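Chain by chain, the residues:
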Amino acid sequence: MSNDIEQTLEEAFPVIDPLMAPYGGRVLVQLRREKSTSKGGIILVDETRQTLRFNETVAKVRQIGPLAYKSPDDLKDWIEGPWCNEGDLVRTIKYGGDRFVVQPDDEGAPVVFITLQAREIISRIKNFEYAQKMKAFVD
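Reading guide: rules and limits
Residues numbered from 1 in each chain as written. Predicted model: local features only at pLDDT ≥ 70, side-chain atom pairs only at ≥ 80, totals over all residues. Heavy atoms only, no water. Helix = DSSP H or I, 4+ residues; strand = E, 2+ residues; numbered from the N terminus. Buried < 20%, exposed > 50% of the residue type's maximum accessible area, 1.4 Å probe, protein only. Contact = heavy atoms within 4.5 Å. Salt bridge = Lys/Arg side-chain N within 4 Å of Asp/Glu carboxyl O. Core = buried A, V, L, I, M, F, W, Y, C linked by side-chain atoms within 4.5 Å.

Another aspect to go through is the environment of arginine 26. Along the chain, the position of arginine 26 falls in strand 1 (residues 26–31). We classify arginine 26 as partly exposed; its relative accessible area is 37%. Separated by 39 residues in sequence, arginine 26 and glycine 65 have C-alpha atoms that sit 5.1 Å apart. Once residues lying within four places of it in the same chain are set aside, the contact partners of arginine 26 are Ile64, Gly65, Ala68, Thr115, Leu116, Gln117 and Ala118.

The next point concerns the side chain of glutamine 30. Relative to the assigned elements, glutamine 30 resides in strand 1. The contact partners of glutamine 30, leaving out residues within four places of it in the chain, are Phe13, Pro14, Ile16, Val58, Ala59, Lys60, Arg62, Val111, Val112 and Phe113.

This part covers the pattern of salt bridges. This structure, assessed with the given rule, holds 1 salt bridge. The salt bridge partner of lysine 70 is aspartate 77, with a shortest N-O separation of 2.6 Å. According to the relative accessible area criterion, lysine 70 is partly exposed, its value standing at 25%.

Let us now look at the nonpolar core. The tendency in soluble globular proteins is for nonpolar side chains to be buried side by side. Membership of the largest hydrophobic core comes to 14 residues, with the highest contact counts inside it found for Val27, Val29, Val61, Tyr69, Cys84, Val90 and Ile121. The set of elements that each furnish at least two residues to this core consists of strand 1, strand 2 (58–64) and strand 5 (111–117). Ignoring anything within four residues of it in the chain, the contact list for valine 27 reads Pro22, Val61, Gln63, Ile64, Ala68, Tyr69, Ile114, Thr115, Leu116, Ala118 and Ile121. Residues Ala12, Phe13, Phe128 and Met134 belong to the second largest nonpolar core, which totals 8 residues.

Structure, rendered in structure tokens:
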């Protein structure tokens, strides 16, 4: 990846099977894969990349549990509808959720997944270009 080129959607969110599915009112998200170099071309050491990996808040929704965004009283859909859908880019809480790491076959950076409560999705990001500008990574 060139230092002058931003990550593509596929580089940021490689397709990888998390080998898990969320139960109940939880949502499974995949965090944006960390970069190996800064915007200025500085190679980031592993310690910095690990810190960035777990500070990331931009994620892609992979799966939504069967009870997410439903009323606990009658299991009807929320009046305003779900906050997100599978495939959406979202912001998540920085701390919390059940985080786990999957090492992809491509020998690239590990991929981090989080299982969150549905209410821990903070916002939906309207497009990937805007998500790239968010300062969850060191530039």
